[in-house]
Structures are given as structure tokens and as C-alpha cells.
Amino acid sequence: NGVISIDTETTGLDPIEDHIVGLCIYTPGMKAAYIPVAHISYITNDLVDNQLSKEFLKAQLQRLNDNNVKTIWVGIDNKNVDVLGDNIKCSSKGTEFDIIFSGDDKKYHFETKLLGIHNVYNILEAVACGYEFGIDIEDLIHAVKGVRTIEHRLELKRIGNFYMIDDAYNSNPE
């Protein structure tokens, strides 16, 4: 159908020091897929079997580039992007931030119950796709505000006068 969404999964948020360890791919009407690349076992410190090589991944991404597939860049620290996340603030209510689209001087304010800078990146990617397909910005703002946390995945819980971040889902080393 001519549309594909690709999200790189990395070992962190530093574009110089961190490494790609996987790719999430989605195209409308098809099932989404996660492709592992260079996953290392935390137990053995060896590469996990049955993964794509970095060379193969690079060649496939180069094919997309060579065929002039439209790319929409999102970012937070790098201001030279199509969709920029700015003024990010976390609190006991979740995360709030502004989104600025290239060529549009207006800032759009977003709020979510989700925690973590990686979730801001995920939201930027989703909003970028919606914006590209002509979804009204107010509908995107409303949809992001309605996103719920997944149990035990950076779930903010109030216990009396204290807040606890429940990230038990990620407590398994494998």
C-alpha cells in the first residue's frame, strides 16, 4: 500500500554510543513485526541466535533510501527534525510536552499518563504518522491523553502519600 512505519529499538538514547538491537515494522492492514538485531544475552553475554545481521539490516534500509521512500524524522535533542518534542516535563500525573511540526510555528501541547523519554519518542512517531495522514491535531492530542499504561511497565502507583513506579515487567534479565 506504499506506507511503512519503522521504529528502531536501541540500547539507549545516545545516537553516538548506543546500538540498534531491533526494528519494529508496520504497514496498514498487515500485522506488525519486531525484528531482533544484535540482542545479547544478559546471562551468557553472547549474541542470541536467529537474528538478522546488522549488514543485512543496513542493506534493506539503504534500499528504502535508494527508492526515495518518504522519511519523517522525529526527535527531542536534535532540532533538525520534522516533528520535535519540546518542553518535556514529568510529574506524578505523567508526562507533558509540546510538539512542533517543521514548517508550522505553532506549538501543540500533549499530555499522557505514560512515563519515560522513550514513550515521548513513541508518541512523537505515532503523532507524526497521524499528522501525515491528515488526522486533526486536536484528535491526536485527545488520543494521546487517553493512552493508558500497561500493567507493570513504568506504571505509576500511589501508595498513601508516596508514589511508586512499578516496572516489574522488566525485572526478568532475559
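In the block above lies the structure referred to throughout.
Analysis parameters
Residues numbered from 1 in each chain as written. Predicted model: local features only at pLDDT ≥ 70, side-chain atom pairs only at ≥ 80, totals over all residues. Heavy atoms only, no water. Helix = DSSP H or I, 4+ residues; strand = E, 2+ residues; numbered from the N terminus. Buried < 20%, exposed > 50% of the residue type's maximum accessible area, 1.4 Å probe, protein only. Areas by Shrake-Rupley, 256 points an atom, 1.4 Å probe, with all protein chains shown as cover. Core = buried A, V, L, I, M, F, W, Y, C linked by side-chain atoms within 4.5 Å. Contact = heavy atoms within 4.5 Å. Pairing = 2+ DSSP bridges. Axes fitted to C-alpha atoms, helices over the stretch in contact; angles between N-to-C directions.

A. A look at the overall build of the chain. The number of helices and strands found in the chain is three helices and nine strands. Counting from the amino terminus, helix and strand elements in the chain follow one another as β-β-β-α-β-β-β-β-α-α-β-β. Evaluated residue by residue, the chain yields a buried proportion of 24% over its 174 residues. When the accessible surface of the chain is summed, it comes to about 12,400 Å², and 54% of that surface belongs to carbon and sulfur atoms.

B. Structural detail: the nonpolar core. Core analysis: the biggest nonpolar cluster contains 19 residues, and Val83, Ile99, Phe101, Phe110, Leu124, Val127 and Ile137 have the highest contact counts within it. Taken together, the elements giving at least two residues each to this core come down to strand 6 (94-101), strand 7 (107-112), helix 2 (117-132) and helix 3 (137-145). In terms of residue count, the dominant contributor to this core is helix 2 (six residues). Residues contacting Ile137, with those up to four places away along its chain left out, are Phe101, Tyr108, Phe110 and Tyr131.

C. Focus on the sheet that holds strand 5 (residues 83-91). Pairing is mixed across the open sheet formed by four strands, whose spatial order is 4-5-6-7. Looking at the sheet topology across the chains shown, the edges are occupied by strand 4 (74-75) and strand 7. For strand 4 and strand 5, the ladder comprises two bridges, and the chain directions are parallel. Each bridged residue has a counterpart across the sheet, and for Val74 the counterpart in strand 5 is Val83. Running at roughly 40° to strand 6, helix 2 makes contact with strand 4, strand 5, strand 6 and strand 7 of the sheet. Running over the sheet, helix 3 touches strand 6 and strand 7 and is turned about 20° from strand 7.

D. Quick look at unusual backbone geometry. Its identity as a non-glycine residue notwithstanding, Asn50 has a phi of 60°, on the positive side. As for its position among the elements, Asn50 is in the loop between strand 3 (33-36) and helix 1 (54-66). Under the relative-accessibility criterion, Asn50 is labelled exposed at 78%. Of note in this structure, Asn68 is not a glycine but carries a positive phi near 55°.

E. Quick look at the sheet that holds strand 3. Pairing is antiparallel across the open sheet formed by three strands, whose spatial order is 1-2-3. Both edges of this open sheet fall to strand 1 (5-10) and strand 3, since each of them pairs with a single strand only. In this sheet, neighbouring strand axes are inclined to one another by 20° on average, regardless of whether the strands run parallel or antiparallel. In terms of strand pairing, strand 1 meets strand 2 (residues 20-26) through six bridges, oriented antiparallel.

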